[in-house]
Amino acid sequence: MATLFISDLHIDASRPPILEQFLTFLQAEARNTEALYILGDLFESWIGDDAPDPAQSAAIDGLRTLTSNGVPCFVMHGNRDFLMSRQFCGASGAQLLPDPLIVTLYGEPVLVMHGDALCTDDRAYQRLRATVRDADWQRQFLALSIAARRALAGAARAGSRAHTQAMEHSITDVNADSVTLALRSAGTSTLLHGHTHRPAIHALQVDGRPCTRIVLGDWYEQGSVLRWDRHGPELRSLSRII
Ligand code: MN
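In this report, we go over the structure that sits alongside the text. (Residues numbered from 1 in each chain as written. Predicted model: local features only at pLDDT ≥ 70, side-chain atom pairs only at ≥ 80, totals over all residues. Heavy atoms only, no water.)

Turning our eyes to something else, we now look at the environment of S178. Residue position: S178 is located in helix 7 (residues 176-186). Judged by relative accessible area, S178 falls into the buried class, the value being 15%. C-alpha of S178 to C-alpha of C119: the two residues are 59 residues apart in sequence and 7.8 Å apart in space. In contact with S178, other than residues within four places in its own chain, are L118 and T120. (Helix = DSSP H or I, 4+ residues; strand = E, 2+ residues; numbered from the N terminus. Buried < 20%, exposed > 50% of the residue type's maximum accessible area, 1.4 Å probe, protein only. Contact = heavy atoms within 4.5 Å.)

Below is the structure:
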């Protein structure tokens, strides 16, 4: 049996093929696994558990079917869906994970993160991250009407797109020192994350130790999944038939 990791699906009603591929993945590949981990940005945006769009509700129903069939599902917040909370868990049967987290896979401890915290060259983003992860900010945001929250989230997404396009490619990637620091403090040899949409398996050294950084891909054009079993990790893309 294997454990599956995915991230950065960015599901919402504007991209039906992603939802379709995710639902197929839940019914087929994910069915006979030990656990499914979703490492952030399952949703394109999340303005509160009281306001999923129809595609997001369908994704939650798909997760509910999977968890009801006995496959545990663990979800980490991404930078888009960090407001997922108790109601989401109740509806999906998924459990929220802290970021960072060490998961032991077939005897190997693996440091697992969404990945945005590693992008420390992007100072403006890190300032924004600190603001929106603040409990008071979140309380005030969630007290707004759904329409007001939706408008703010739309403006934030447009701002984020413009910001990412204006930034050099290297600035929006992980910072090498932040990766080293994360692996050193966790004491693991493997780091697994998403967020950057740059799927790869990188070899690196931390204090003379050989280490590996595995990056999951997004689901915009095709699916991306890391399958980990007793033989180790395998990073694959899932072609889209639709
Ligand atoms: Mn992200």
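To continue, consider the sheet that holds strand 11 (residues 232-238). What the six strands build is an open sheet, ordered 4-3-2-1-10-11; its pairing is mixed. Unpaired on one side and paired on the other, strand 4 (95-97) and strand 11 mark the two borders of the sheet. Taken over all neighbouring pairs, the strand axes of this sheet differ in orientation by 25° on average, direction set aside. Pairing analysis gives three bridges linking strand 3 (residues 73-76) to strand 4, with the strands arranged parallel. (Pairing = 2+ DSSP bridges. Axes fitted to C-alpha atoms, helices over the stretch in contact; angles between N-to-C directions.)

Let us now look at the packing of aromatic side chains. By the definition in use, this model includes eight aromatic pairs. With 4.8 Å between their ring centres and 20° between their planes, F5 and Y37 make a pair best called stacked. With F5 in strand 1 (residues 3-6) and Y37 in strand 2 (residues 35-39), the pair connects residues that are 32 residues apart, well separated along the chain. Looking at F5, the relative accessible area reads 0%, which means it is buried. Members of the aromatic cluster, connected to one another through ring pairs, are F5, Y37 and F74. (Phe/Tyr/Trp six-rings, centres within 6.5 Å; stacked < 30°, edge-to-face > 60°.)

Mapped onto the elements, Q56 comes out in helix 2 (residues 54-68). Filtering out sequence-adjacent residues up to four positions away, Q56 remains in contact with I11, D12, F43, E44, S45, W46 and A51.

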